[in-house]
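# Observations on the three-dimensional arrangement
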Amino acid sequence: MKKTTVRLLCFLCALCLLIPACPLMPLAAEKETVCGGDCPYYPTIIVPGLGQSSVVVTDDSGAPLTDRDGKKVSAFPAWIQTGKLIRTLLGPALLSLFTQRDVGFSDAFAEAIYDAFSINRCDENAIPEGNVLTEKFPYSYAKYSDYDKYIVNQHIPFELYPTDLPRDHLYYFEYNSFGNHIGLANELYDFIQLVKAQTGHDKVNLVPLSQGASIVSAMLEYTPAVMDELHKILFVVPALDGSRIIGDVFNDEITFLDSDYLYHGFLENIRLLDAPTAGLIELAARLFPDEVLMSALQKGVRRLVEDVMIRSTGMWALCPSGAYESAAARYLSSPDMAAIKAQTDRYYQVQLHHKDNIRKLQQKGVQVFCVAEYDISLINVGAHWNDQNADFIIQLDSTSMGATSANVGETLPADYKQQNTCCSNPAHDHISPDRVIDASTGLLPDTTFYFKNQRHDLTQWNDVILKLAMQLIAHDDIKDVYTSPAFPQFNYGRNVKNLLALLDKAAGVNRKLLTRRQKAKLNAAVENAEAVLSRTVDGPTAVPDAEAQLHKALVLCGKEKPTVETPDVFTPVSDFLYRHFGSDGYSEYPRLTAKRAVDGAAGFFGAGGKN
Ligand SMILES: [Zn+2]
Ligand SMILES: [Zn+2]
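So, about the overall build of the protein chain. Helix and strand content of the protein chain: 20 helices and 11 strands. For the C-alpha atoms alone, the extent of the protein chain along its principal axes is close to 95 × 85 × 60 Å. The buried share of the protein chain, reckoned over its 611 residues, is 50%. Summarising the internal contacts of the protein chain: among those between residues at least 6 apart in sequence, 74% fall at separations of at least 24. Entry remark: accessible area of the protein chain is about 28,900 Å², with carbon and sulfur atoms responsible for 58%. Here the protein chain carries 56 positive and 73 negative side-chain charges, and the mean point of each set is 4 Å from the other.

Right, let's talk about the coordination of the zinc ion (ligand 1) for a bit. At the metal site, the zinc ion (ligand 1) is ligated by C35 (SG), C39 (SG), H169 (NE2) and H201 (NE2), and these contacts range over 2.1 Å. In this structure, the zinc ion (ligand 1) is coordinated by four donor atoms arranged in tetrahedral fashion, with angles at the metal of 99 to 120°. Sequence positions of the donors to the zinc ion (ligand 1) reduce to the motif C-x3-C-x129-H-x31-H. Here C35 is found in the loop between α1 (2-18) and β1 (44-47), whereas its partner H201 is found in the loop between α5 (181-199) and β5 (204-208), with 166 residues between them in sequence. Classification of C35 by relative accessible area gives partly exposed; the value is 22%.

Our next topic: the confidence of the model for the protein chain. Averaged over every residue, the pLDDT of the protein chain is 92; residues scoring 70 or more account for 93%. Overall, residues 1-6 carries pLDDT values under 50, and its contacts beyond four positions in sequence, including any with other chains, amount to zero contacts. Confidence drops under pLDDT 50 across residues 8-28; counting only partners more than four residues distant or on other chains, this segment forms 10 contacts.

Strands sit in the order β4-β1-β5-β6-β7-β10-β11 across an open sheet of seven strands; the sheet is parallel. Edge strands, defined here as strands with exactly one partner in the open sheet, are β4 (170-172) and β11 (490-492). Strand-to-strand twist in this sheet, taken as the mean axis angle between neighbours without regard to direction, amounts to 20°. Sitting on the sheet, α5 touches β1, β4, β5 and β6 (230-236), and the angle it makes with β4 is about 155°.

Time to look at the pairing of β5. β5 sits mainly inside the fold: five of its five residues count as buried. Where β1 meets β5, four bridges bridge the pair, whose relative direction is parallel. Counted as the bridge partner of I46 is V207 from β5. Pairing geometry for β5 and β6, over three bridges, is parallel. When the bridges of β6 are listed, N205 appears paired with K232. Taking the sense of rotation as the criterion, the β-α-β connection linking β5, helix α6 (residues 212-222) and β6 turns out right-handed.

Criteria and cut-off values
Residues numbered from 1 in each chain as written. Chains lettered and ligands numbered in written order. Predicted model: local features only at pLDDT ≥ 70, side-chain atom pairs only at ≥ 80, totals over all residues. Heavy atoms only, no water. Helix = DSSP H or I, 4+ residues; strand = E, 2+ residues; numbered from the N terminus. Buried < 20%, exposed > 50% of the residue type's maximum accessible area, 1.4 Å probe, protein only. Contact = heavy atoms within 4.5 Å. Areas by Shrake-Rupley, 256 points an atom, 1.4 Å probe, with all protein chains shown as cover. Lys, Arg positive; Asp, Glu negative; His and termini not counted. Charge placed at Lys NZ, Arg CZ, Asp CG, Glu CD. Donors = N, O, S within 2.8 Å, 3.2 Å for Na, K, Ca; no water. Tetrahedral: all angles 85-135°; square planar, octahedral: opposite > 155°, others 65-115°. pLDDT = per-residue confidence, 0-100. Pairing = 2+ DSSP bridges. Axes fitted to C-alpha atoms, helices over the stretch in contact; angles between N-to-C directions. Right-handed = clockwise from strand over helix to strand, strands pointing away.

In C-alpha cells, the structure reads:
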C-alpha cells in the first residue's frame, strides 16, 4: 500500500515536471498575433490528408534517425531499409529463380513487406508502437523555420498562392496517418484550443483535406462543444465516407491477387500512368512461375493487412460505412481485437452521423464548403474500382456527401431529372454541363465545387482550387457557388506544375542573346501562359496547350530539348506474352510451346483439339 502511494506521488511529480514542456498546453501560450485577437480574420487550421505530415523514424531514445545526406528518415508509408531488404530477399529469390519453385521466396517477400511497414504497427489498443515521431508545428506559419515551410509547402504550396489571411493566423496540424483516430480527434481539439489561445480569437476555420476530414468528423461527434468554436469549414476532397479502395482491401477483394487480372488489367492500368515501371514490374514478375509469384503477393498482402493495417484505427476510419460491418466481422471479431473494434465501432457511428453533424454546424451558423473531384476511376486495387464515379483515390459519393453521378465516361440517363433532395431553390441548376453530376442530392449543393478530370493526389497542383481556398480562408465574400463567376459550381481539373516550372525557366532566359524571332515567340508564349494562369475558368486543354506553346518557344531558344516520343516497347511485348502464355512465368514457355506444337500437329492430323 505504502509502495503504491510512493509510486503514485512519483508519477504525479513526473507529470508536474512534464506539463510546462508540453507543446499543446494552451495555458502556456500567450497572444502571439499582431491583432491580439481583434481583426476580421479567423485563424485557419489545415488538417492535411494521408501521408501529408512529417512522421519520422526515431531511435530508442526518441531522436530522429538520419540518412547519409543528413535527412530525417520518413516512416510513411513504410521504412525502407535497402540493406535489410536485400538480406531478406536475395537468397530465397535466387534459389527460387534457379529451381523455379518456391524455396522460401514467398515467405521472405512477406517478411520484407512486414519489415518495411511494421514501423507503423499499432498495439492491441490501436496505439502506434513503432519508433516514430510526428513533427508538430504548435505555432503559426509566421514562426515557421525554413524546414517547417519546406515540409508544409510540399503539400499545400502557400508560398505560390498569396492569401490575405495574416501568416500569424495560419496553422498546419501534423498527425500520423496510421495513428489512433480517437487520439487524433482529441489532439485536433487541443490544437484548436492552442490556436485560440495564441491568436486571441474565439473561433477558427478548418480546412480538412482527404483523410483529415475523418479526423474533423470524429472530433465533431466526440466533442460537439467544438462546434461553437468554428467559423468555417472547407472540406477538400474529404474522405467523409472513406475510400472504396480501403473497403475492398479490408474485405479481401483485391484485384491483383488474381494472376490473370494482374497482367491483363492491373498492370495494364498502371501502364497508362507509368508505362516503363509497369513494364519492368511485369517482365520481372514473369521470372517466377505463376504459383510462386501469386503466393508471394498473397502472403505479402496478408501480412500488410493483418499485421499492420487492421490494427490502425486511422486506417479503419477510411473504410466506407457500407463496407465496415463485413470487414469488421472478417478481421475484428476475435477477442484480442476487441479493444480495437470498440474504437472502430465508435467511428462507424461517426460515419452514420456525419451529415447530421454538418447540419448542426450549419444551424449554429458555421459556414461549410466542399471541393469534390470526378471522372477518374479509382485506381484498380479493389474489386469495386469501377462501380462509381471517383477521383482516383476516393469515390465521389464520399467526397461530395451524396451527389448522384453517372460512372466515369458515362452520362446521366437522358430523362434524368434533378432530384433536389438537398436543394430547395427550384431556380438552381445543379446538373453539371456534361450531365455527369446531380449536385442537388449532395448534402451541400450550394457550397460544393466540382472539378472534372481532377486527380485527388494532384489537387495541390490545381491553381484554381488553391485560389478558391485562399479566398475562402481569408474572406467571407464567397457565400456559395453562385457568388463569383470566377468560381462556378462546375469547373475543370488542371495541373500547373510543369507550366510553372517552364515559366521559371523562361524568366531566366537572357532576352538580349535571342534573335528577334526567338524573343517574339518566347514572349508570346509567356504572355499566354500568364493569361491562362490568371483565369480561373478556362477550357480543359488551356494548361496543356499553354505548356506546349511555351515548351516549343524554349526549344526554339535552345533552352529545352525537343520532345522525343520514346517508343513503348513494353506494351507490345507484354500483350504478346499475355496472348501466348497468359500469366505464366518464362520457365513455363518451352513446355507450353512444345505442348502447343503437339496439339497443333494433332489438330492438323484430324485428331481434334481444344481451341
Ligand atoms: Zn486576428
Ligand atoms: Zn441549390
